[in-house]
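Close look at the chain arrangement
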Amino acid sequence: MTGLSTDVSTSFVRPAGTTGDTLFAKATLTSLGRQVAYTRVDFMNANGDLVAYGTHTKYVGKSATDPKNVKFSDDGETILEDDRPKD
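Heads up: these notes are all about the structure in this document. Not measured: the values here are computed from a predicted model. (Residues numbered from 1 in each chain as written. Predicted model: local features only at pLDDT ≥ 70, side-chain atom pairs only at ≥ 80, totals over all residues. Heavy atoms only, no water.)

**Looking at the overall build of the chain**
Applied cut-off: Helix and strand labels come from DSSP, where a helix needs a run of H or I of at least four residues and a strand needs a run of E of at least two; each type is numbered from the N terminus. Note that the radius of gyration is over C-alpha atoms, with the globule rule given as 2.2 Å times the number of residues to the power 0.38. The buried label goes to any residue with under 20% of its type's maximum accessible area, the exposed label to any with over 50%, and the partly exposed label to all in between, with areas taken from a 1.4 Å probe on protein chains only. Between two residues, a contact is recorded if the distance between any of their heavy atoms is within 4.5 Å. Using a 1.4 Å probe, accessible areas were evaluated by the Shrake-Rupley method; residue-level cover was limited to the displayed protein chains. Under this rule, positive means Lys or Arg and negative means Asp or Glu; His and the chain ends count for nothing. Note that the charge is assigned to NZ on lysines, CZ on arginines, CG on aspartates and CD on glutamates.
Along the chain, the regular secondary structure elements total zero helices and six strands. Here the chain has a C-alpha radius of gyration of 16 Å; the compact-globule value for 87 residues is 12 Å, and the former is much larger. Each of the three principal axes of the chain carries a C-alpha extent, and together these read 45 × 30 × 20 Å. A total of 87 residues make up the chain; the buried ones form 16% of that total. Restricting to contacts in the chain with at least 6 residues of sequence separation, those with at least 24 account for 43%. On the chain, roughly 6,900 Å² of surface is accessible, and the fraction owed to carbon and sulfur atoms is 53%. Separation of charge centres in the chain, based on 10 positive and 12 negative side chains, amounts to 7 Å.

Put into structure tokens, the structure is as follows:
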């Protein structure tokens, strides 16, 4: 989705570990209005402790309703509609 980023932030809560440790990320679409989208990403260590998070606010204008957008299931795990060319 094209648009203009109006705010991007990152907060580091605690040390994430050492080189080679695995981090997990969970991205959430907090809100999608007619012109603005709000997202958040949480980063957790292997113990499930929050180590960092980020937020992104983006002006999306009419691109939010573009019929060529990929549509996902509510949990974000499955593509429901995708008009992109297949390889």
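**Quick look at the side chain of Ser-73**
Within the secondary structure layout, Ser-73 lies in the loop between β5 (71-72) and β6 (79-81). Here Ser-73 is in contact with Thr-78 and Leu-80, once residues within four sequence places are set aside.

**Some points on the sheet that holds strand β3 (residues 36-44)**
The line we're drawing: Two strands form a pair only when DSSP identifies at least two bridges running between them. Here the axes come from fitting lines to C-alpha atoms, over the contacting stretch only for helices, and the angles between their N-to-C directions go from 0 to 180 degrees.
Ordered by their spatial adjacency, four strands build an open sheet running β1-β4-β3-β2, and the pairing between neighbours is antiparallel. In this open sheet, the two edge strands, each paired with only one partner strand, are β1 (4-12) and β2 (24-32). Here the average twist between neighbouring strands, direction ignored, is 15 degrees.

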